[in-house]
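Structural overview
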Amino acid sequence: GLKGYGKRYAAGFADTTIGSFMTTGIFPSLLHEDPRYFRKIDGGFWLRSGWAMKRIFVTRTDTNHSQFNYSEFGGNGVAAAISLAYHSQEERNISNFGDNYATQIAIDVIANQLKEFWPDIRHKIFKK
């Protein structure tokens, strides 16, 4: 019913919010990483799409060096672990932890693709 839907919606919203907070706020601050996404702009679709995907694994540090994106994977891991505290008893298991962890990373993959291509799509649609 509506009550169950509300609980699921709230849990999903919390999962996404905590994941974003960890991967773009807490972990980058602690690890001196730059969580911002910088578009490639030039090149074809596959080159730019590959660039967006690579940014999940590689990030810049505060000193402008490239390194493994510890914030992405560590932050989403901590967020998935925190989610075990407020999901129902039946959902507190390693399988749901893994699903939540993978979902958070997939959301970030999609977000990077949108950040890369949305300005071009918007320009074509709205002619701005």
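Scroll up a little and you will see the structure.
Residues numbered from 1 in each chain as written. Predicted model: local features only at pLDDT ≥ 70, side-chain atom pairs only at ≥ 80, totals over all residues. Heavy atoms only, no water.

Observations regarding the overall build of the protein
Tallying secondary structure elements over the protein gives four helices and three strands in all. Along the protein, from the amino end to the carboxyl end, the secondary structure elements read α-β-α-β-β-α-α. Looking at the protein alone, contacts between residues at least 24 apart form 65% of all its contacts between residues at least 6 apart. Treating the 16 positive side-chain charges of the protein as one cloud and the 12 negative ones as another, the clouds have centres 8 Å apart. (Helix = DSSP H or I, 4+ residues; strand = E, 2+ residues; numbered from the N terminus. Contact = heavy atoms within 4.5 Å. Lys, Arg positive; Asp, Glu negative; His and termini not counted. Charge placed at Lys NZ, Arg CZ, Asp CG, Glu CD.)

Description of the side chain of Gln104
Looking at where Gln104 falls in the secondary structure, it is placed in helix 4 (residues 94–126). Beyond its immediate stretch of four places on either side in the chain, Gln104 contacts Asp15, Thr16, Gly19, Glu72 and Asn76.

Observations regarding the packing of aromatic side chains
Scanning all chains against the criterion turns up eight aromatic pairs. Ring centres 5.1 Å apart and planes at 75° place the aromatic pair Phe68 and Tyr70 in the edge-to-face group. We classify Phe68 as partly exposed; its relative accessible area is 37%. Plain terms: the ring middles of Phe68 and Phe73 are 5.3 Å apart, the flat faces sit at 20° to each other, and that makes the pair stacked. (Phe/Tyr/Trp six-rings, centres within 6.5 Å; stacked < 30°, edge-to-face > 60°. Buried < 20%, exposed > 50% of the residue type's maximum accessible area, 1.4 Å probe, protein only.)

Side note on the pattern of salt bridges
A complete count under the given rule lists five salt bridges for this structure. A salt bridge links Asp34 to Arg36; its shortest N-O distance comes to 2.8 Å. When its relative accessible area of 55% is taken as the criterion, Arg36 is described as exposed. Counted as one network, the salt bridges with shared partners bring together Arg39, Arg48, Glu116 and Asp120. (Salt bridge = Lys/Arg side-chain N within 4 Å of Asp/Glu carboxyl O.)

Examining the packing of helix 3 (residues 70–83) against helix 4
Two elements in contact, helix 3 and helix 4, have axes whose closest approach is 9 Å; the angle formed by their N-to-C orientations is 135°. Taken together, the axis directions place helix 3 and helix 4 in an arrangement best described as oblique. Once helix 3 is placed against helix 4, the crossing between them reads as right-handed. Contacts from Glu72, Phe73, Asn76, Gly77, Ala80, Ala81 and Ser83 of helix 3 reach helix 4 at Phe97, Asn100, Tyr101, Gln104, Ile105 and Asp108. (Axes fitted to C-alpha atoms, helices over the stretch in contact; angles between N-to-C directions. Parallel < 35°, antiparallel > 145°, perpendicular 65-115°, else oblique. Left-handed = near helix turned anticlockwise from the far one by under 90°.)

A few points about the sheet that holds strand 3 (residues 66–68)
With respect to topology, three strands assemble into an open sheet ordered 1-2-3, the strand pairing being antiparallel. For this open sheet the edge positions go to strand 1 (33–34) and strand 3, each flanked by a neighbour on one side alone. Direction of pairing for strand 2 (residues 58–61) relative to strand 3: antiparallel, over a ladder of three bridges. For Thr59, the partnering residue across the bridge sits in strand 3 and is Gln67. (Pairing = 2+ DSSP bridges.)

A closer look at the pairing of strand 2
Two strands pair when backbone bridges link them, and strand 1 and strand 2 are joined in this way by two bridges, in the antiparallel orientation. Within strand 2, the residue paired with Glu33 across the bridge is Thr61. Connecting strand 2 to the next strand, strand 3, in antiparallel fashion are four residues, including Asn64 with a positive phi near 65°.

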